[in-house]
Amino acid sequence: MNSPDDRHPVRLRRSVLCVPADNARALAKVATLACDAVIYDLEDAVSVDNKVAARQILADHLARERRSDIEAVVRINGMQTAFGEKDLAFVTALAPDAILIPKVESPQDIQAVVDVLSENDAPDALRLWAMIETPRGVLNAAAIAETGRTRGGRLDCLVPGLNDLRKETGVAALPGRAYLVSWLMQILLAARSCGLDVIDAVFNDFRDTAGFEAECQQGRDMGFDGKMLIHPAQIGPANAHFGVDEAALAEALSIIDAFALSENADKGVINLNGLMVERLHLEQALRLAARVEAIRKKGTDA
């Protein structure tokens, strides 16, 4: 599936599991999971002493067990660190679906990586994700998202990092994220203004299933495409909450069927069961139907 302008691949991102790149046992388990995407983490989840070894452990895993139905995203260390440039060169050779850049604070952080990829003739299919996890990153979210608007832009997805934001601002980790919602919405609006996906932040207590499900529902209601996860037990609930409900699908199909009628072929607006429905609603309906088809293809366990 592709978006209308063909710049950004449209993919399921309901459940995005973060896995330490140096944990062979966790890597092996990916083959049995129903998540839509995996972030193979070379950054926060890997100790300084193990960062170099983690690259090869990840390369061996992807060579043996990479699944085509799970989007492979690799989080590198920041380009300003001692490991960033070598991470980028090594990971580019592995040809993941995307590279996740941590602690993005400005458009220049994205452009620096784009330039390196272009200089090394990386394929256009290699996309970029950006972690927004500092105050400056939140303030510059719109400018950062703009780097994905242009034809040559590789940026496809934004991910807020609330743990770092809490640390840098002193905001309390309260249920409901009351003092964080405005920042989350600022990042979401920036992403949507440029046609990008946006993934909700992690929920830290994987044993608190009720709290996790409540936060999934909140994220879904806010408009996020999915959730970044820290444990396989969170995959099923995330897939369910960020899936498509039957009522929404029924409404989408009725809109598609109505515009397919010959008498509506040249109309911009139609009356459907007493509601005025525009072609922008048809576009939304077609996207929803494509999402349902992608879920169906992924399998009933997804």
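Preceding block: the structure.
Thresholds, definitions, all that
Residues numbered from 1 in each chain as written. Predicted model: local features only at pLDDT ≥ 70, side-chain atom pairs only at ≥ 80, totals over all residues. Heavy atoms only, no water. Helix = DSSP H or I, 4+ residues; strand = E, 2+ residues; numbered from the N terminus. Rg over C-alpha atoms; globule rule 2.2 N^0.38 Å. Areas by Shrake-Rupley, 256 points an atom, 1.4 Å probe, with all protein chains shown as cover. Axes fitted to C-alpha atoms, helices over the stretch in contact; angles between N-to-C directions. Parallel < 35°, antiparallel > 145°, perpendicular 65-115°, else oblique. Contact = heavy atoms within 4.5 Å. Nonpolar A, V, L, I, M, F, W, Y, C, P; charged D, E, K, R; others polar. Pairing = 2+ DSSP bridges. Buried < 20%, exposed > 50% of the residue type's maximum accessible area, 1.4 Å probe, protein only. Polar contact = N/O pair within 3.5 Å; in protein donor to acceptor, adjacent residues only side chain to side chain. Salt bridge = Lys/Arg side-chain N within 4 Å of Asp/Glu carboxyl O. Disulfide = S-S within 2.5 Å. Core = buried A, V, L, I, M, F, W, Y, C linked by side-chain atoms within 4.5 Å. Right-handed = clockwise from strand over helix to strand, strands pointing away. Phe/Tyr/Trp six-rings, centres within 6.5 Å; stacked < 30°, edge-to-face > 60°. Lys NZ or Arg CZ within 6 Å of the ring centre and 35° of its normal.

Asks: What exactly am I supposed to notice about the overall build of the protein here?
Replies: Each helix and strand in the protein was counted, giving 12 helices and 10 strands. Scaling as 2.2 N^0.38, a compact globule of 302 residues should have a C-alpha radius of gyration of about 19 Å, and the protein matches this with 20 Å. Accessible area of the protein: about 14,400 Å², with a carbon and sulfur share of 54%.

Asks: Hey, could you run me through the packing of helix α2 (residues 51–65) against helix α3 (residues 84–94) in this one?
Replies: In a pair of packed helices, the angle between the axes and the distance between the axes together describe the arrangement. Direction vectors running N to C along α2 and α3 enclose 10°, while the axes themselves pass 11 Å from each other. Looking at the two axes, α2 sits roughly parallel to α3. Seen from α2, the contacting residues are Arg55, Gln56, Leu58, Ala59 and Leu62; seen from α3, they are Lys86, Asp87, Phe90 and Leu94. Across the contact of α2 with α3, the residue classes tally to five nonpolar, one polar and three charged.

Asks: Mind showing me how you'd approach the sheet that holds strand β4 (residues 98–101) here?
Replies: With parallel pairing, eight strands are arranged side by side around a closed barrel as β1-β2-β3-β4-β5-β6-β7-β8. When strand polarity is set aside, the average angle formed by the axes of neighbouring strands in this sheet is 25°. Here five bridges tie strand β2 (residues 37–41) to strand β3 (residues 71–75), and the two strands are oriented parallel to one another. The partner of valine 38 across the bridge, within β3, is alanine 72. Where helix α9 (residues 209–222) meets the sheet, it contacts β7 (197–200) and β8 (226–229), and its direction lies at approximately 140° from that of β8.

Asks: Mind showing me how you'd approach unusual backbone geometry here?
Replies: Phi is mostly negative for residues that are not glycine, and the peptide bonds are mostly trans. A positive phi angle, close to 55°, is found at alanine 95, a residue other than glycine. With respect to the helices, strands and loops of the structure, alanine 95 is situated in the loop between α3 and β4. Note on alanine 95: relative accessible area 43%, which makes it partly exposed. Even without a glycine there, the phi angle at aspartate 121 is positive, about 55°. The topology assignment puts aspartate 121 in the loop between α4 (107–119) and β5 (127–132).

Asks: What is the right way to read the side chain of glutamine 234 from this model?
Replies: Following the sequence through the fold, glutamine 234 ends up in the loop between β8 and α10 (235–241). A distance of 3.3 Å separates the side chain of glutamine 234 from the backbone oxygen of phenylalanine 203, its partner in a polar contact. Ignoring any residue separated from it by four or fewer positions in sequence, one finds glutamine 234 in contact with Phe203, Phe206, Phe212 and Leu229.

Asks: In this structure, what is going on with the pattern of salt bridges? I would like to understand it.
Replies: Side-chain pairing between opposite charges can occur once the charged atoms of the two side chains come close. Applying the stated criterion across every chain, the model contains 26 salt bridges. The shortest N-O distance in the salt bridge between lysine 298 and aspartate 69 comes to 3.9 Å. A residue pair is termed long-range when its members are at least 10 positions apart, and lysine 298 in helix α12 (residues 279–298) and aspartate 69 in the loop between α2 and β3 qualify at 229 residues. Of the residues examined, aspartate 69 reaches a relative accessible area of 34% and is grouped as partly exposed. Glutamate 146 is paired through a salt bridge with arginine 149; the nearest N and O atoms lie 3.1 Å apart. Taking relative accessible area as the criterion, arginine 149 reaches 37% and is therefore assigned partly exposed. If you follow the salt bridges from partner to partner, you end up with Arg11, Arg13, Arg66, Glu71, Asp97 and Asp197 in one network.

Asks: What am I meant to see in the state of the cysteines here?
Replies: In a disulfide, the sulfur atoms of two cysteines are covalently bonded to one another. Considering all chains together, one arrives at zero disulfides under this definition. Its sulfur unpaired, cysteine 18 is 11 Å from the next cysteine sulfur, which belongs to cysteine 35. Not engaged in a disulfide, the cysteine cysteine 157 finds its nearest cysteine sulfur in cysteine 194; these two sulfurs lie 13 Å apart. On the accessibility criterion, cysteine 157 (0% relative accessible area) is buried.

Asks: Could you clarify how one ought to interpret the nonpolar core in this entry?
Replies: Side chains of a nonpolar character, in soluble globular proteins, are inclined to be buried together. The biggest cluster of nonpolar side chains holds 62 residues, and the ones touching the most others in it are Tyr40, Ile99, Ile110, Leu117, Leu128, Leu155 and Leu158. Counting residues per element, this core draws most heavily on helix α8 (residues 181–193), which supplies five residues.

Asks: Sorry if this is basic, but what is going on with the pairing of β2 here?
Replies: When a strand is regular, its side chains alternate between the sheet's two faces. By the criterion of burial, β2 is predominantly enclosed, with five of the five residues buried. Alternating residues of β2 divide into Ala37, Ile39 and Asp41 and Val38 and Tyr40, and every residue in both groups is buried. Bridging between strand β1 (residues 15–20) and β2 involves five bridges; their strand directions are parallel. Counted as the bridge partner of valine 19 is tyrosine 40 from β2. Between β2 and its parallel partner β3, the chain crosses via α2, and the hand of that crossover is right-handed.

Asks: What am I meant to see in the packing of aromatic side chains here?
Replies: For any pair of aromatic rings, the description consists of the separation of the ring centres together with the inter-plane angle of the planes. Tallying each qualifying case throughout the model produces one aromatic pair. A cation over a ring is seen here: lysine 51 above phenylalanine 83, with NZ or CZ 5.9 Å from the ring centre.

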